[in-house]
Amino acid sequence: MSLRGTLRWGGFERSARDRRLPATAMASVDFPSMQRLSSRLEEGTGMARRQAEQSTFLEALFHGSWNGGVYGQFVRARHYVNHLRQLHVVYEALESVLPALKDGPLARVLRLPELRRTSALVADLDWFCGDTRTKPFACAETRLHAERILEVAAEAPHLLIAHAWARCVQDLFTAPQRSGLIARAFELENGRGTAFYNAVSAGELLAFQARLTARLDEVTLTEGEAQEVVQEARLAFRIQALICDELARDAPGLDAPGGSPG
């Protein structure tokens, strides 16, 4: 898929340049008009969310067996760094649109301090890569994701909620568990190399989720806009799944949990 190509998703084709939803997609989203936005997002993205969360790449990266030893650790680290590089591109795009946001409920969601992870990603990449950190590596799907964020920021800013929520679900809600997994996998101490996943501790997670839910539900949207946000969140999860598929193709022999790379 090229950067400006067509993304096939959800039974229809859409360009990365489309800012609003096709009418056919709008008709497929059916929620009570007074349902809270947080509930709509939770209920309306289940399948897309699971596809992203249960990708072979992420399951193997965080839960798989890598044969132990120096070589296994090196291979796992290489794939983990590739994962961080993709996240850096996406978070950099998200943070780049924040200065243009007007103060209000939308900005309160997007300016949650826990969502500002670019500097943490830079710190982790510095730890793992040193001077080679700046070597560019972003797959086409990642560039598409960043482009989409910039487009909706300019043309339909309410859709940024979908991308922020998707990142919270995928990265921040899993942060306490993944921080420990990465620290153990690479024998890291004192938070080195795990800055990205140290955004929210286990003890802070419920409070963060409650704060996010409250801010989401403060945002005033029309019925059509709320449906667009849910559909955009599905798109965000779907692109993330495509990114993981691409990263898996760069890891020949990658197995699901319990397996081992060849």
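Residues numbered from 1 in each chain as written. Predicted model: local features only at pLDDT ≥ 70, side-chain atom pairs only at ≥ 80, totals over all residues. Heavy atoms only, no water.

By the naming in an unreviewed UniProt entry, the chain goes by Biliverdin-producing heme oxygenase and is assigned to Corallococcus macrosporus.

Colleague: Which residues make up unusual backbone geometry, and what values do they have?
Modeller: Even without being a glycine, Glu187 presents a positive backbone phi close to 55 degrees. The topology assignment puts Glu187 in the loop between helix H10 (175-185) and helix H11 (205-218). Although it is not a glycine, Asn190 sits at a positive phi angle of roughly 60 degrees. (Helix = DSSP H or I, 4+ residues; strand = E, 2+ residues; numbered from the N terminus.)

Colleague: Lay out the environment of Leu212 with the relevant residues and their values.
Modeller: Structurally, Leu212 can be placed in helix H11. Each C-alpha atom, one on Leu212 and one on Trp165, is 8.5 Å from the other, the two residues being 47 residues apart in sequence.

Colleague: Tell me about H11, and please be specific about residues and values.
Modeller: The end-to-end C-alpha separation of H11 is 20 Å, in line with the 20 Å expected for 14 residues at 1.5 Å each. Buried residues along H11 sit against helix H2 (37-44), helix H6 (105-110), helix H9 (160-172) and H10. (Expected span 1.5 Å × (residues − 1). Contact = heavy atoms within 4.5 Å.)

Colleague: Describe the packing of aromatic side chains, and please don't skip the residues or the numbers.
Modeller: Geometry of an aromatic ring pair is reported as the spacing of the ring centres plus the angle between the planes. This model, assessed by the stated rule, comprises nine aromatic pairs. Judged by centre distance (5.6 Å) and plane angle (70 degrees), the rings of Tyr80 and Phe128 are edge-to-face. Of this pair, Tyr80 sits in helix H5 (residues 69-96) while Phe128 sits in helix H7 (residues 118-129), and the two are 48 residues apart along the sequence. The class of Phe128 is partly exposed, set by a relative accessible area of 22%. Pairing Phe128 with Phe186 gives two aromatic rings, centres 5.4 Å apart and planes at 80 degrees, and the pair type is edge-to-face. Taken together, the residues span a long stretch of sequence, with Phe128 in helix H7 and Phe186 in the loop between H10 and H11 at a distance of 58 residues. Accessibility expressed as a relative area gives 10% for Phe186, which makes it buried. (Phe/Tyr/Trp six-rings, centres within 6.5 Å; stacked < 30°, edge-to-face > 60°. Buried < 20%, exposed > 50% of the residue type's maximum accessible area, 1.4 Å probe, protein only.)

Colleague: Go over the packing of H2 against H11, please, and point to the residues and values.
Modeller: Running from N to C, H2 and H11 cross one another at 110 degrees; their axes reach a closest spacing of 7 Å. In this view, H2 runs roughly perpendicular relative to H11, as classed from their interaxial angle. The residues of H11 that touch H2, namely those facing Leu37, Ser38 and Leu41, are Thr213, Leu216 and Asp217. Of the residues assigned to the contact of H2 with H11, the class counts are three nonpolar, two polar and one charged. (Axes fitted to C-alpha atoms, helices over the stretch in contact; angles between N-to-C directions. Parallel < 35°, antiparallel > 145°, perpendicular 65-115°, else oblique. Nonpolar A, V, L, I, M, F, W, Y, C, P; charged D, E, K, R; others polar.)

Colleague: Now, about the side chain of His88: what can you tell me, with residues and values included?
Modeller: Tracing the sequence through the fold places His88 in helix H5. Assessed through its relative accessible area of 14%, His88 is described here as buried. Non-local contacts of His88, meaning those with residues more than four positions away in its chain, are made with Thr118, Leu121, Val122 and Leu125.

Colleague: Explain the confidence of the model for the chain to me, using residue names and the numbers behind them.
Modeller: Averaged over every residue, the pLDDT of the chain is 82; residues scoring 70 or more account for 77%. Between residues 1-32, whose pLDDT stays under 50, and residues either more than four places distant or in other chains, the model counts 73 contacts. Here residues 255-262 is a poorly scored stretch, pLDDT under 50, and it has 20 contacts once near neighbours within four places are set aside; other chains count. (pLDDT = per-residue confidence, 0-100.)

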